[in-house]
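# What the coordinates show
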Amino acid sequence: MRAPFQVLVIPYKKVNGIPQYCIFERSDANYWQFIAGGGEDEERSLDAAKREGFEEAKIDKKLFYYQLTSTFSVPAECISKIHRVYWSADTFVLPEYCFAVDIADQPIELSEEHLEYRWVTYGKAKEMLHWESNKVALFELHERINSNLF
């Protein structure tokens, strides 16, 4: 059963000291985003982030997921009606919790949700990402990395 919250996961790594971010092209839409999905049952946001990371890119669940300060509101109408039937009638927006995970040299394996992925710099990711929430979370992560706050 779909829980009334969303997660956003930003895989990153450093290449020659420069942060690189993994972005994904949706298979059901013509845009790029980070890993995203909804919570299930009684899942906590961290558990949902780890599950989504594994389902969409085979990211090891044992890696450390850092929760960003960035939190957004997502209109419930963006979610399939199939999942919305489990929520109360007054669920109009969902919180979206953002996480970052340093995957170092771990390979990405795509699920059917995405056509391809790309490792890109901050500037290129900011240019290619579709959702403003993805861009803001990216900004926070990039600033934290450059400030040595992780």
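Sequence order as written defines the numbering, with residues in each chain counted from 1. Residues qualify for local features only when their pLDDT is at least 70, as the model is predicted, and side-chain atom pairs are given and counted only at 80 or more; totals for whole chains, interfaces and linings, by contrast, use all residues. Think of the side-chain values as coming from all heavy atoms in the structure, minus any hydrogens and water.

### Here's the deal with the pairing of strand S2 (residues 18-26)
To sort residues, take the accessible area from a 1.4 Å probe on protein chains only and compare it with the maximum for the residue type: under 20% means buried, over 50% means exposed, and anything in between is partly exposed. Runs of E in the DSSP output that reach at least two residues are strands. Runs of H or I that reach at least four are helices, and both are numbered from the N terminus. Of all 9 residues in S2, 8 are buried, a share of seventy percent or more. Remark: 2 residues form the turn of the hairpin made by strand S1 (residues 2-15) and S2, two consecutive strands paired antiparallel; Asn 16 in that turn has positive phi of roughly 55°. Strand pairing is assigned whenever DSSP identifies at least 2 bridges connecting the two strands. Here 6 bridges tie S2 to strand S7 (residues 114-120), and the two strands are oriented antiparallel to one another. When the bridges of S7 are listed, Cys 22 appears paired with Trp 119. Hairpin geometry of S2 and strand S3 (residues 32-33) is characterised by an intervening segment of 5 residues between the two adjacent antiparallel strands.

### Section: the layout of surface pockets
A probe as big as a water molecule, rolled over the atoms, marks out the empty space that is left. A volume near 700 Å³ is recorded for the largest pocket. Along the wall of the largest pocket there are 27 residues; nearest its centre are Gln 6, Ala 36, Val 74, Cys 78 and Ile 79. Cavity means a closed set of points on a 1 Å grid over the protein atoms alone, one where a 1.4 Å probe fits but cannot get out, pocket means an open set with protein on both sides within 12 Å along at least 5 of 7 lines, and lining means a residue has an atom within 4 Å of a point. Grid points are joined across faces, edges and corners, and a volume is the space filled by probe spheres set on the points.

### Here's the deal with helix H4 (residues 132-146)
Each residue after the first adds 1.5 Å to the expected span of a helix. Spanning 15 residues, H4 covers 21 Å between terminal C-alpha atoms, matching the ideal 21 Å at 1.5 Å per step. For H4, the set of buried residues is Ser 133, Asn 134, Ala 137, Leu 138, Glu 140, Leu 141, His 142, Arg 144 and Ile 145. Tucked inside the fold, the buried residues of H4 contact S1, S2, S3, strand S5 (65-75), strand S6 (93-102) and helix H3 (122-128). Asn 148, located one to two residues past H4, shows a positive phi value of around 55°. Two residues qualify as a contact provided that any one of their heavy atoms is within 4.5 Å of a heavy atom in the partner residue.

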